[in-house]
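# Descriptive structure summary
Residues per chain are reported as follows:
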Amino acid sequence: QGRHQAAGRPRPYAIFNAIKGTKPIIDIERAKYFTASFKTTEGQPLILRWAKALKHIAGNITVYIDDRQLLASRAGCPGRYGLIYPELDGCFLGKVAELTNRVESPFSISEEDLRCIEQEIAPYWQGRTFYEDLARSLPPDVLRVTYDPDEITKSRYIVNETATMRSALQWVHDFEKVLQKGFKAIRQEAEERLAALDLFDPQDALEKAPFLEAVILVADAIVIWAKRHAALAARLAATEVDPQRKAELQALTAICEWVPENPARTFHEAVQAQWFTQMFSRLEQKTGATISNGRMDQYFYPFYRADVEQGRLDAEGAKELLECMWVGMAQYMDLYVSPAGACFNEAYAHWEAVTIGGQDENGEDATNELTYLFLESKREFPINYPDLAARVHARSPGRYLYEIAETVKEGSGFPKLINDEEVIPLLVAKGAAFREANTYAVSGCTEVRMPNRDTYTSPCAYVNIAAALELVLYNGRMKIYGPEFLTLATGELDSLATWEDFWQAYLTQQTYLLKQAFKQQYLVNSLREKHFAAPLGSTLHDQCQKQYKDLHAAQIAGGIDLGYFDIIGYGTVVDSLAAIKKLVYEDRKLSLAELFAALDNNFAGYEATRQLLLNAPRYGNNDPYADGLAKSIDLAALEFTHKYSRTIGASLDLRYVPVTSHVPFGKVVGATANGRKAGTALSDGSSASHGADTKGPTAVLMSNANSKNLGYKERAARLLNIKLSPACVQGEAGTDKITAFIRSWCDLKLWHLQFNIINKETLLAAQKDPDKYRNLLVRVAGYSAYFIDLSPDLQNDVIARTEHSL
Ligand code: 8X3
């Protein structure tokens with residue numbers, strides 16, 4: 001990896017090398033000021049309380065400018081850091097001390113800060129959190145598959161909600177507003193609208209006025225914060241002895257004085273304004289994947305062009321500025337205190353995507369010089385940020401695909417690819433105009449958002465379908481949870497005489513879990529607005545401004561409310577069902593009782609049975625037998641959501657995006673009929689299960705395409721990981737092979753694709769000698785992370801994925 005490193009710029013490397021591999025520190029300042037402000041605003045409208053808290057934070061939190069940095073602002077202390085969000089993790093704050101030794105994403109914290117959490121922060125949130133509210137509201141049948149009813153802070157990993165771990169799904173702001181308008185104009189508009197309200201009208205007084213006051217407060221807050229950075233830069237400049245650094249700090253002073261209050265005038269100002277907004281968003285709330293950056297090659301382009309034309313900037317200068325941002329992103333670590341949050345988002349995962357390429361409003365190809373500059377930067381400075389997402393369409397230029405392939409060959413897992421040919425028609429089917437759909441931005445692992453149009457922010461549910469299969473085998477129970485009856489009885493095994501009986505029993509359990517997931521999400525969606533607000537996010541959203549509504553409102557008129565539920569363990573279940581259908585019911589090589597005994601004993605003494613199972617038809621090989629079952633599972637889930645999603649007031653579309661949940665979900669599931677041992681990871685996303693895909697990567701694409709039900713619009717992202725051996729992509733021939741593979745993927749209209757280009761030997765060596773492999777990046781789910789930051793279970797998951805040759 002990093003073969004272009006020599007060509008990289010020294011400044012970002014120097015900043016990065018100083019923080020690389022260090023243990024992240026917990027910064028509690030945001031939690032402290034947020035809580036202090038909340039204590040004084042009880043009873044006021046939530047959006048106003050949140051805006052006041054942000055202003056309090058902006059005026060008091062320590063501000064930093066890093067040595068050598070050309071950009072100002074971070075949301076926490078120097079080095080790698082994470083923030084506590086007590087409004088989310090209030091009932092887990094007693095666990096903060098344990099984070100130092102946690103296997104998944106450990107953090108350190110000072111004794112003094114721990115005391116502050118215990119004495120000042122935690123007591124206020126006790127009993128007030130969304131988590132507690134939701135747990136209290138779940139009916140017993142939903143609770144049983146969500147949390148342990150006797151200890152509600154323990155997840156069951158059957159139907160997990162994720163709304164208590166992050167206060168919003170992945171999101172993208174309309175950054176153009178900040179760059180083109182600035183917060184002074186945004187504030188002014190809000191003041192004029194506030195003055196025009198009829199305060200005798202209760203709706204004006206109680207809903208519209210607090211919304212507009214919050215807009216004004218948050219515009220003040222971000223400007224106060226920026227100006228504090230300007231003052232710091234001026235102070236540092238005054239004492240700086242190196243003339244070059246002094247000049248840089250003086251320039252930074254002027255930039256932070258100007259943006260984001262005013263419209264940006266140069267590329268440097270545009271980058272700084274965007275970075276302030278991004279960083280302030282982290283102080284505002286914890287968003288799934290962290291606030292994404294939208295289509296940077298589009299909204300920065302006019303600034304870049306003008307600067308280059310006027311001789312103020314060249315490509316090297318632009319890359320250095322962007323890399324100063326990448327290295328800032330790499331220092332923020334997404335901190336999940338709750339155990340479920342931690343194991344769903346391993347390796348400090350956050351993946352604020354930067355989108356490049358794609359099409360413009362009119363459907364013309366949108367690639368420009370900046371698009372290529374982003375790809376170059378990724379090759380020359382191959383760190384884990386940003387999560388570069390390349391939009392591809394049928395008419396993407398050859399040069400673009402060539403440069404994507406060259407970047408993929410670096411082996412850091414970037415860029416990930418999102419397919420316009422799948423995404424745009426689906427967005428249009430879901431109610432968007434073409435011009436909105438054409439300009440979507442990538443917002444998470446695989447997700448997309450239309451700024452100013454998408455409005456649904458409730459985090460989604462993960463449904464463990466490997467658990468559904470186990471619930472058939474134990475007739476409504478799971479081995480790990482003992483005699484407790486969890487779902488519904490689908491019959492003792494000896495009553496499942498035919499494949500049709502077994503299949504119906506499976507579908508009944510799967511559908512039951514979906515039913516519980518939808519009830520859970522109904523409650524999530526209705527309770528959230530009482531607990532969370534996002535005045536900055538709402539300020540930057542046209543529909544929220546029009547409706548005077550916070551983004552967390554259960555309904556926002558004029559918006560398109562696209563949410564999801566995720567099926568976890570797809571490949572594992574397809575392969576298991578294929579083995580059962582073929583070996584038990586068709587070839588009669590095995591009785592159901594024998595299979596049960598093998599699984600119940602985790603194959604101890606049943607190795608021959610395991611080998612039989614491993615050789616049954618498997619998903620990922622373009623085999624109609626397995627792919628047909630995959631399609632039927634997909635269809636049953638789609639039919640369910642087609643019927644019920646609107647009843648929760650939003651679209652809950654079917655998604656296959658596990659982040660790292662397939663690891664903890666695997667831990668609660670016993671051995672499975674695909675030969676998988678108890679407790680090991682389930683398959684990820686829509687990928688084949690570990691080692692199942694033996695017919696090459698094109699067969700993996702084909703299985704993915706074969707298993708889709710194109711007649712339903714309730715489809716969303718399908719995450720697809722492909723691991724290639726470095727040898728097969730060497731040289732120009734290797735580049736051509738990757739390009740051709742991407743074209744096939746685009747033609748097949750698959751949603752997402754990403755590559756790991758790595759040998760099993762390298763991964764095993766890194767497991768043995770982590771210090772030697774500090775730079776080793778691997779694609780995990782929808783993001784890349786340092787291999788040594790993964791837990792051993794997740795490392796094993798990545799190692800066990802099939803390595804293909806093209
Ligand atoms: C997955 C993040 O927020 O959609 O990329 O669950 S989220």
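### Quick notes on the site of the ligand
The environment of the ligand is made up of Arg166, Leu169, Gln170, Gly288, Trp351, Gly444, Cys445, Glu447 and Arg655. One nitrogen or oxygen atom from the side chain of Arg655 is found 2.8 Å from an oxygen atom belonging to the ligand.

### Description of the environment of Ala636
Note on placement: Ala636 falls in helix α28 (residues 624–644). Given a relative accessible area of 15%, Ala636 falls into the buried group. In this structure Ala636 touches Leu507 and Gln510, once residues within four positions along its chain are discounted.

### Looking at the nonpolar core
Grouped together as the largest cluster of nonpolar side chains are 168 residues, with contacts concentrated most on Val96, Phe267, Phe280, Phe300, Trp326, Ile404 and Phe755. The leading source of residues in this core is helix α10 (residues 202–239), at 18 residues. Counting 124 residues, the second-largest nonpolar core is a separate cluster that includes Ala437, Tyr481, Ala579 and Leu763.

### Digging into the environment of Thr62
Inspection of the secondary structure assignment puts Thr62 in the loop between α3 (46–60) and β2 (81–83). For the pair formed by Thr62 and Arg228, sequence separation is 166 residues and the distance between their alpha carbons is 9.3 Å. At 2.6 Å, the side chain of Thr62 forms a polar contact with the side chain of Glu29.

### Things to note about the sheet that holds strand β7 (residues 387–392)
Pairing is mixed in the open sheet, where 6 strands are placed in the order β6-β7-β8-β16-β15-β19. The open sheet is flanked by β6 (353–357) and β19 (803–804), the only strands paired with a single partner. Of the pairings in the sheet, the one linking β6 to β7 comprises 5 bridges and is parallel in character. The partner of Ile356 across the bridge, within β7, is Ala390. Each of β6, β7, β8 (416–419) and β16 (752–757) is contacted by helix α18 (residues 398–409), which is oriented at about 150° to β7, the strand it contacts most. Against the sheet, helix α31 (residues 731–747) touches β7, β8, β15 (721–724) and β16, its axis set at about 155° to β16.

### Quick notes on the domain arrangement of the protein
It is common to give the size of an interface as the accessible area lost on bringing the parts into contact. Segmentation of the protein into domains returns domain 1 (22–128 + 166–350), domain 2 (139–161 + 458–530 + 541–692) and domain 3 (354–446 + 719–806). Each of domain 1 and domain 3 has a C-alpha centre, and these two points are 28 Å apart. In this complex, domain 1 contributes 34 residues to the contact, which on the side of domain 3 involves 36 residues. Its largest share of buried area at the contact with domain 3, domain 1 owes to Arg295, Asp297 and Trp326, together 25% of the area lost on that side. Across the salt bridge formed by Arg305 and Glu369, the nearest N and O atoms sit 2.7 Å from each other.

### A closer look at the pairing of strand β13 (residues 651–656)
In terms of residue burial, β13 counts as a mostly covered element, since 6 of its 6 residues are buried. Going residue by residue along β13, you find Ser651, Asp653 and Arg655 tucked away on one face and Leu652, Leu654 and Tyr656 tucked away on the opposite face as well. As judged from the 5 bridges shared by strand β12 (residues 562–568) and β13, these two strands associate in the parallel manner. Considered in β13, the bridge of Asp566 is made with Arg655. Two strands pair when backbone bridges link them, and β13 and strand β14 (residues 715–718) are joined in this way by 2 bridges, in the parallel orientation. Bridged to Tyr656 within β14 is Arg718.

### Describing the packing of α10 against helix α12 (residues 267–284)
Look at α10 against α12: their axes get within 11 Å of each other, and the N-to-C directions meet at 115°. Note on packing geometry: the crossing formed by α10 with α12 is right-handed. Across the interface between the two elements, Val218, Ala221, Ile222, Trp225, Ala226 and His229 of α10 pack against Phe276, Thr277, Met279, Phe280 and Leu283 of α12. When the residues that make up the contact of α10 with α12 are grouped by side-chain class, the tally is 9 nonpolar, 2 polar and no charged.

### Some thoughts on the sheet that holds β13
In spatial order, the strands read β5-β11-β12-β13-β14; together these 5 strands make up an open sheet with mixed pairing. Every other strand in the sheet has two partners, leaving β5 (159–161) and β14 as the edge strands with one partner each. Pairs of neighbouring strands in the sheet enclose a mean axial angle of 25°, with direction left out of account. Packing of helix α21 (residues 465–473) onto the sheet brings it into contact with β11 (461–464) and β12, and relative to β11 it is tilted by some 40°.

### Considerations on unusual backbone geometry
With an omega of -5°, the peptide bond running from Tyr385 to Pro386 counts as cis. On the secondary structure map, Pro386 appears in the loop between α17 (369–380) and β7. The step from Phe414 to Pro415 runs through a cis peptide bond, and the omega angle for that step is -10°. Note that Pro415 resides in the loop between α18 and β8. With a phi close to 75°, Asn452 is a non-glycine residue in the positive phi region. Here Asn452 is to be found in the loop between β10 (448–449) and β11. Given a relative accessible area of 17%, Asn452 falls into the buried group. Phi at Asn602 takes a positive value of approximately 50°, unusual for a residue other than glycine. Locating Asn602 in the fold gives a position in the loop between α26 (592–600) and α27 (607–614).

### Some points on the packing of aromatic side chains
Scanning all chains against the criterion turns up 38 aromatic pairs. Pairwise contacts between aromatic rings join Phe34, Phe38, Trp50, Tyr124 and Trp125 into one cluster. We note Arg391 situated over the ring of Tyr440; from NZ or CZ to the ring centre the distance is 3.8 Å. The residue whose ring lies beneath Arg399 is Tyr372, and the NZ or CZ to ring-centre distance is 3.6 Å.

### A look at the packing of helix α22 (residues 499–527) against α28
As a packed pair, α22 and α28 sit with axes 11 Å apart at the nearest point and diverge in direction by 40°. By the angle class used here, α22 and α28 are oblique. Both α22 and α28 take part in a crossing whose hand is right-handed. Listed contacts from α28 to Trp499, Trp503, Tyr506, Leu507, Gln510, Thr511, Leu514, Lys515 and Phe518 of α22 are Leu629, Ser632, Ile633, Ala636, Ala637, Phe640, Thr641 and Tyr644. Among the residues making up the contact of α22 with α28, the classes are represented as 12 nonpolar, 4 polar and 1 charged.

### Let's talk about the pattern of salt bridges
Under the criterion given, the structure shown has 56 salt bridges. Across the pair Lys519 and Asp141 runs a salt bridge, and its minimum N-O distance is 2.7 Å. Highlighted residues: Lys519 in helix α22 and Asp141 in helix α7 (residues 140–146), separated in sequence by 378 residues. Accessibility expressed as a relative area gives 30% for Lys519, which makes it partly exposed. For the salt bridge of Lys409 with Glu406, the shortest nitrogen-to-oxygen distance reads 3.4 Å.

Rules used throughout
Residues numbered from 1 in each chain as written. Predicted model: local features only at pLDDT ≥ 70, side-chain atom pairs only at ≥ 80, totals over all residues. Heavy atoms only, no water. Near = heavy atom within 4 Å. Polar contact = N/O pair within 3.5 Å; in protein donor to acceptor, adjacent residues only side chain to side chain. Helix = DSSP H or I, 4+ residues; strand = E, 2+ residues; numbered from the N terminus. Buried < 20%, exposed > 50% of the residue type's maximum accessible area, 1.4 Å probe, protein only. Contact = heavy atoms within 4.5 Å. Core = buried A, V, L, I, M, F, W, Y, C linked by side-chain atoms within 4.5 Å. Pairing = 2+ DSSP bridges. Axes fitted to C-alpha atoms, helices over the stretch in contact; angles between N-to-C directions. Domains from an automatic or database assignment. Buried area = accessible area lost by both parts, 1.4 Å probe. Salt bridge = Lys/Arg side-chain N within 4 Å of Asp/Glu carboxyl O. Left-handed = near helix turned anticlockwise from the far one by under 90°. Nonpolar A, V, L, I, M, F, W, Y, C, P; charged D, E, K, R; others polar. Phe/Tyr/Trp six-rings, centres within 6.5 Å; stacked < 30°, edge-to-face > 60°. Lys NZ or Arg CZ within 6 Å of the ring centre and 35° of its normal. Parallel < 35°, antiparallel > 145°, perpendicular 65-115°, else oblique.

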